[in-house]
Each structure stands twice: as structure tokens, then as C-alpha cells.
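# Structural characterization, general
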Amino acid sequence: MLTDIERHELEDALKHYPDKRAGAIDALLIVQRRRGWISDDSLLDIAQFLGMTGDDVDSIATFYNLIFRKPVGRHVAFLCDSISCWIMGYEQVRAQIKKHYDIDLGQTTRDGRLTCLPIACLGHCERAPAMMIDQDVYGNVTPEKVETIVEKYK
Amino acid sequence: MERPLTRYIHPDGSPRLLREYVKDGGYRSLHGLAAGMGPKDLQRLVGESGLRGRGGGGFPTGNKWSFVPMGPDASKPKYIVANADEMEPGTFKDRILMEGDPHGLVEGMLMAGYALDAEVGYIFLRGEYHRSAQRLTQAIAEAYAEGYLGKPLPGTTFRFDLHLHASAGRYICGEETALLNALEGKRAIPRAKPPYPQTAGLWGQPTIVQNVETLYNLPHIVNHGSAWYHNLSRSNDGGTKIYGISGRVTHPGWWELPLGTTARELLEQHAGGMFHGVSFRGLLPGGASTAFLTEEHLDLPMDFSSIPPQVGRLGTGTMIVLDDQTCPVGFVLNLEKFFARESCGWCTPCREGLPWVARILESFEEGRATDDDLALLDMHAELLGPGHTFCALAPGAMAPLQSALKYFRDDFVRHISMGRCPWSNKPAQLRVLV
């Protein structure tokens, strides 16, 4: 079941479209915002609300990389691995996260605190390498700064 | 030097909200409309201004608009979509505009809507641009409260509604027809063209998809006229351009400059040249899907008409610099991994070919490549090029590869002869023959 708040937010989003199905991506993002990820149950809740089949919604959910069909940590660190960040040392940042938190791309710390994921160019190329934790972007990241940044996210 | 787009943007990155925007002349273009400028007048003005699409394609905006059905028989509603899915590696210009001056996009979309008699607009924003989302949401709310949106504009019968759609990732959403599918809540797979979006786009209705920076230019063209706008540039294409540079340069950043500024000026005067101790080898002029330019091209004006097609294209105008301490094969490998991951998987050459290219490049970096692999790369650069795939993603991916094979061929060959990457400290691998 969608919660009242989810339902309310979704109805608000649907006002912008002439067709209910168009709200599928908004719906996935709205539900994920509170539940952290999209479980099979969440998927079916959304499908029912939008008058779609579960498979239909799943084909959309699995296409977009910001929609998680597996549980993630309480916080997600997105490491930009595109060209400018690669030139400026993204791999050292990734290595530092691996060393300090024992997670590589696609993994979550054992305490469920942090998931590390690769991301396409974050559009902060003038401050490369960049990473985004949840909704906050950090530029000019060095291996030395990684711990200070990550420690803000408990 | 005039910087119409970014003149007032705060250097500290804080947003300009309604009161400040209006104080500095924002929404003044509405007076032009109230004074009797009709949709056709605006279309003509934009055509004369020489404005070309800033998303990378460089298509003349006036021409693009001319295909939209007008008049009482035109199918309604018509849509204006701002392509704010800025994901081209190395590109960050639209973010600067949306974060710094969110009302500029609202005003630009109002102008496009008025010119094409389109009553609904969507801003298709990439999901990662949270700060832009927050500021655009605020700007849209302010514009509604002020009556710029949702009510007939003063002196006209035209009324415009504008919505923000935050996306959920994937580079392919930037392709205009894939974007329309994404906006309709579907998988972002490009559509067959024709029909073109101008006649059958969003939900089958006439639609114009326009890059953010392009839209920001419109109010200034309305306010100052096409001749003024055209004269801002140093070339045949009108206006200014937000250029950017990233990589190992002294001052990576962005600058709004006359269109037609040369790559050398950008690199040496604005970016302060290369880092101490590294030297220049080449640059991608406008994102990952443009071909390399080298020393011999640095004096070319960076615009849409001065770079010969056989050399390359401007793309987004945000440059990525390759230096001599960075392996060109590794550079291209990074790009091809990106394209392989971001392929939507719809057409076979792209879905299968790009990972293959990435694996071959990996074999160069790991010292396993042979002369046959070099030939395979040449073959792919040809077969994944224009005309062989459903959309422009794979041909875009081949532009840096093909040009790297031309300008940096010796480096590819050295990977084969040394049995390792010359830029890596790792020892050569033993070649096991099976």
C-alpha cells in the first residue's frame, strides 16, 4: 500500500501530465525517497496506483540508474568516473574509499551506512574529481579529504 | 565585452531570485510582446539572429522552429521542452545558468512558447542536479505568483504553464526523442525519425526540444534585436557561448565569450595554460562525443561553422584537455566504457559494438593487444559511425576513437610493441600463446 503522503505527492506530480503512465518515474522516485529502494511490493503498489502491470513498471525501474531495485545503505556516495574526473584522479578517491570503508563500486558497508556507486559525469568538471553523497556534491576531492567528507553522513 | 547570459550571475554561486532578476531587466522581454510583437515576428527575429542550438548539434533555431505547425489548424496542445539533461562528459554550462539564474530559463521558455504558440512547457532536468531543481522550483513558483505563468501575458491572449520534471539518470535521455519517451514515463529509447518532434513529439503533439543555453538567449534577442545579437559573435553564428575547460590546466572553469573565440585563446588566456610541468597534446572541443583537436587546430574559431566537418565539430563548447602525462588510449578507454554503459541497448551495433570496443582498448592498456586489435578498432570506428546505428550515440562515441587512432596512432602501436601501457608503472605482461 502506498502511504497517504506518497499518494498525495504522487497525485500532485500527476497533475503535470495528461496521461497517468507518465508519472511512473516520479512515482518510483517518490516511493524510493522514503523507503530507500524499490522492493517488489513497492513496485506492485505503484503499478496498481497507475493502472499498469508490475512488469511494465519494472521495465522502467530497471532502466534508470537512480532507481534502486536492491537495498542500498542509508547514504549513497556517487563517484563520478567520467573523463575529467578520471584525468584528475578519481581512481585514487575510489581506492581510498575501498581502503577505508572496505567497499568498492556497487557495494554497501556491513553496517548499512554507505553504498558506493559509479555515476556518469556529474557536471562539476571544473572541480574534478567530483563525488555526490545523497544530494550534496563535493569537488576537488582528494584521497585525504574522503574521510572528512564521508564522516558527515552517519 | 557583452555577457548577456551570465553578466549578473553571482560569483559565489548563490541564486538570483525574482526581485533581483527583475531589477536587472529580467522579464523585460514581456514588454516587447505587449507592444505588439507577434509570434511570427519573434520567429523571424530568432532566424535573423543566427542563433544555433547550444546542446551540441548547432542546428539553426529559426529553421528548427519553422517546421512547427502554426495557425488555427495546428494540433493543440503544443509543447516546449527544455533539454536540461546535461550529461555529456566534460559539460557543465547549463548547470551554471540554472543554478545562477533560474528565472532566465523560465523567461526563455516563455519566449519560445509565445513564438510557437505552445501553451505547455516542461523542463527535463537530470536527476543529479538537485541544486538546479530546488532553484528552478522556486523560480517557477515565483513566476506563477507574479502572473508570468498560468495567466494571459499582459497585452496578449497567450498563457503558458511550466512544469519541472526531474529525471532518474541515463545519458541517452539527452537524445531528444529518447527524452520524450522518458518524459512520457517510458524507457528512454530513441524514436524513429520521421516523424520529427516538431510535428509529432510529446504524446504525439507538436513539440520543440531545446537546449537550456539556447533558451537563455531568447529574451536578449527580443530585448536588443537580431543585429545586436548577431554582432556579439566573431563569426557567422550569432551570440556568445559559454565555453568551459577541464583537465590539467591552471584554471579550469567557464567563460561566456563571443562565439568564434579560438581554442588557443581559451586555453592560454582564460584557462591560464597547462599545469606546470605538463604539456598539451589535444582536446575534445565539446564533450565526449566530439573528435580530438590538436596543436594544428588551436587557432580555429570555436563555433559551429568554422571547424571543417572532416576535422570535427564544436559540440557543447566545454573542452576536455589531454596532456602528455595522461595515456591517450586510457583516455579513450574511459570514454568508450562510458558510452558502452550508457547505450540504451535498443540497436545491436551499439549494444554489442561499444562493449567490444571497450574490451579491445582494455587489452591495449593491459598489454595484451596485437596488430589485429588495432585493425579491429579501425573497423569499429567505421562500422559504428554515422548511418549504421539507430541514433547518434554510437557515432558520437566513435568520434574521439577515430580521431585518436589518427593523431595518437604511435601511442597505440607503442602499447603493442612494449606489451604494456607506456604511462603505467606496471611491468609488461607475459604473452601466453594458446
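Cut-off values and rules
Residues numbered from 1 in each chain as written. Chains lettered and ligands numbered in written order. Predicted model: local features only at pLDDT ≥ 70, side-chain atom pairs only at ≥ 80, totals over all residues. Heavy atoms only, no water. Phe/Tyr/Trp six-rings, centres within 6.5 Å; stacked < 30°, edge-to-face > 60°. Buried < 20%, exposed > 50% of the residue type's maximum accessible area, 1.4 Å probe, protein only. Lys NZ or Arg CZ within 6 Å of the ring centre and 35° of its normal. Salt bridge = Lys/Arg side-chain N within 4 Å of Asp/Glu carboxyl O. Helix = DSSP H or I, 4+ residues; strand = E, 2+ residues; numbered from the N terminus. Core = buried A, V, L, I, M, F, W, Y, C linked by side-chain atoms within 4.5 Å. Contact = heavy atoms within 4.5 Å. Domains from an automatic or database assignment. Buried area = accessible area lost by both parts, 1.4 Å probe. Disulfide = S-S within 2.5 Å.

### Thoughts on the packing of aromatic side chains
Applying the stated criterion across every chain, the model contains 19 aromatic pairs over all chains. Plain terms: the ring middles of Phe338(B) and Phe339(B) are 5.3 Å apart, the flat faces sit at 75 degrees to each other, and that makes the pair edge-to-face. Given a relative accessible area of 0%, Phe339(B) falls into the buried group. An aromatic cluster is present here, built from Tyr17(A), Tyr79(B), Tyr122(B) and Trp203(B) joined pairwise through their rings. Between Lys20(A) and the ring centre of Phe49(A), over which it is positioned, the NZ or CZ distance is 5.6 Å. Seen from the ring of Phe63(A), Arg170(B) lies directly overhead, with NZ or CZ sitting 4.5 Å from the centre.

### Thoughts on the pattern of salt bridges
Residue and element names in this part refer to chain B. On inspection of all chains with the given rule, the structure shows 48 salt bridges over all chains. Between Arg95 and Glu99 there is a salt bridge, and its shortest N-O distance comes to 3.6 Å. Pair noted here: Arg95 and Glu99 are both in helix H5 (residues 93-100), with a separation of four residues, about one helical turn. Residue Arg95 is classed as buried on the basis of its relative accessible area of 4%. Since its relative accessible area comes to 10%, Glu99 is described here as buried. Taking the shortest distance from any N to any O, the salt bridge between Asp299 and Arg264 comes out at 2.8 Å. Taken together, the residues Asp299 in the loop between strand E7 (280-284) and strand E8 (318-323) and Arg264 in helix H11 (residues 263-270) connect sequence positions 35 residues apart. Classification of Asp299 by relative accessible area gives partly exposed; the value is 49%. Shared partners join several salt bridges into a network, and the residues in it are Arg16, Glu20, Lys23, Asp24 and Asp101.

### With respect to the nonpolar core
Counting 117 residues, the largest nonpolar core has Tyr64(A) and Phe331(B) as its most contacted members. Sequence-distant contacts of Phe331(B), defined by excluding residues within four places in its chain, comprise Ile83(A), Trp86(A), Ile87(A), Leu284(B), Phe292(B), Ile320(B), Val321(B), Leu322(B) and Thr326(B). Residues Tyr21(B), Met109(B), Ala115(B) and Leu153(B) belong to the second largest nonpolar core, which totals 54 residues.

### Some details on the domain arrangement of chain B
It is common to give the size of an interface as the accessible area lost on bringing the parts into contact. All names here are of chain B. Along its sequence, chain B is organised into domain 1 (18-231), domain 2 (240-323) and domain 3 (328-418). The centre of domain 1, based on its C-alpha atoms, is set 35 Å off from the matching centre of domain 3. Of the residues lining the interface, 11 residues belong to domain 1; the matching set on domain 3 comes to 10 residues. When domain 1 packs against domain 3, the two sides together hide about 910 Å² of surface, and 75% of this comes from carbon and sulfur.

### Points about the state of the cysteines
Cysteine pairs can be linked by a disulfide, which is a covalent bond between their two sulfur atoms. Residues and elements named next belong to chain B. With the rule as written, the count across this model stands at zero disulfides over all chains. The thiol sulfur of Cys173 is not disulfide-bonded, and the nearest other cysteine sulfur, from Cys344, lies at 9.9 Å. Here Cys391 stays unpaired: no disulfide links it, and the sulfur of Cys350, its closest cysteine neighbor, is 6.3 Å away.

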